[in-house]
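Residues per chain, in single letters:
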Amino acid sequence: QVQLVESGGGSVQAGGSLRLSCAASGRTFSAYAMAWFRQAPGKEREFVATITRTGDVTSYPDSVQGRFTISRDNAKNTAYLQMNSLKPEDTAVYYCAARDTTYDSIYYVRRNDYHYWGQGTQVTVSS
């Protein structure tokens, strides 16, 4: 199995940027498709971004498309989420998730698709 630790959260003004990191340890990182989810107070945890285990395919919901970029460095066992043009509605706890897969170019967007989760990192965007 894999252990995930997020970092990089914080407080920023609207229009600003943050980069989140997700450090993985345990099994071979390249065996996992990765994703970011977020959860705002009183709301369901929602999908933010995903990347295939080889890093060649990504997917985003409309709410963050064009503003957020997911990437990974398999040599460093780390996934990233670059967040630009942040809005107050992006305020949430952001979670990194991993799912082991044998498929190079398949990604997963449902919460229940993922087996491993980090502890979360808070992102607060003020207007």
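Before reading further, recall that the structure is shown in the block above.
Reading the values: the criteria
Residue positions within a chain follow its written sequence, with the count starting from 1. This being a predicted model, a pLDDT of at least 70 is required before a residue's local features are given, and a value of 80 or more before pairs of side-chain atoms are given or counted; all residues contribute to the totals for chains, interfaces and linings. Side-chain numbers here rest on the full set of heavy atoms in the structure, without hydrogens or water. We count a stretch as a helix when DSSP gives it H or I for four or more residues in a row; a strand needs E for two or more, and each element gets its number in order from the N terminus. C-alpha atoms define the radius of gyration, and 2.2 Å times the number of residues to the power 0.38 defines the globule rule. When a residue's accessible area, from a 1.4 Å probe over protein chains only, is under 20% of the maximum for its type it is buried; when over 50% it is exposed; and in between it is partly exposed. Contacts are assigned to residue pairs that have any heavy atoms within 4.5 Å of one another. For the purpose of counting charges, residues Lys and Arg are taken to be positive, whereas Asp and Glu are taken to be negative. His and the chain ends are not included. The atoms used to mark charge sites are NZ of Lys, CZ of Arg, CG of Asp and CD of Glu. Residues belong to one nonpolar core when they are buried, are Ala, Val, Leu, Ile, Met, Phe, Trp, Tyr or Cys, and are joined through side-chain atoms within 4.5 Å. Only strands that DSSP links by at least two bridges are regarded as paired with each other. Axes here mean lines fitted to C-alpha atoms, for a helix over just the part in contact, with angles spanning 0 to 180 degrees between N-to-C directions. Two cysteine sulfur atoms make up a disulfide if the distance between them is within 2.5 Å.

Asks: I'd like to hear about the overall build of the chain, residue by residue, with values.
Replies: For the chain, the count of helices and strands is zero helices and eleven strands. Its helices and strands in sequence order give the chain the pattern β-β-β-β-β-β-β-β-β-β-β, from N to C terminus. For a compact globule of 127 residues, the expected C-alpha radius of gyration is about 14 Å, and the chain comes in at 14 Å, within 12% of that figure. The buried share of the chain, taken over its 127 residues, is 46%. Pairs at least 24 apart in sequence give 62% of the contacts found in the chain among residues at least 6 apart. Of the side chains in the chain, 13 bear a positive and 11 a negative charge, and the two mean positions are spaced by 2 Å.

Asks: Tell me what's going on with the nonpolar core, and back it up with residues and numbers.
Replies: Grouped burial of nonpolar side chains is what soluble globular proteins tend to show. Judged by nonpolar contacts, the single largest core of 30 residues is most densely connected at Met-34, Trp-36, Leu-81, Met-83 and Tyr-94. Of all the elements in the fold, those that place two or more residues in this core are β1 (2-7), β3 (18-26), β4 (32-39), β5 (46-51), β7 (68-73), β8 (78-83), β9 (92-100) and β11 (121-126). Apart from the residues within four sequence positions on either side, Met-83 is in contact with Gly-16, Ser-17, Leu-18, Leu-20, Arg-67, Phe-68, Tyr-94 and Val-123. Formed by seven residues, the second largest nonpolar core is a distinct cluster that contains Ala-35, Ala-97, Tyr-108 and Tyr-114.

Asks: Mind laying out the sheet that holds β1, listing which residues take part and the relevant values?
Replies: Here four strands make up an open sheet; going across it, the order is β1-β3-β8-β7 and the pairing antiparallel. Looking along the sheet, the strands with just one partner apiece sit at the ends: β1 and β7. On average, each strand axis in the sheet is tilted by 15 degrees relative to the strand beside it, whichever way the strands run. For β1 and β3, the ladder comprises six bridges, and the chain directions are antiparallel. What sits directly across from Gln-3, in β3, is Ser-25.

Asks: Describe the state of the cysteines, naming the residues involved and giving the relevant values.
Replies: In this structure the tally under the stated criterion is one disulfide. What pairs with Cys-22 in a disulfide is Cys-96, and their sulfur atoms sit 2.0 Å apart. Across the S-S bond linking Cys-22 and Cys-96, the dihedral sits near -75 degrees, which makes this disulfide left-handed. Of this pair, Cys-22 sits in strand β3 while Cys-96 is found in strand β9, placing the two residues 74 residues apart along the sequence. By the burial criterion, Cys-22 is buried, and Cys-96 matches it.

Asks: Give me unusual backbone geometry: which residues, what numbers.
Replies: The phi dihedral of Asn-77 is positive, around 55 degrees, even though this residue is not glycine. With respect to the element layout, Asn-77 can be found in the loop between β7 and β8. With a relative accessible area of 31%, Asn-77 lands in the partly exposed category. The backbone of Ser-85 sits at a positive phi, close to 50 degrees, despite the residue not being glycine.

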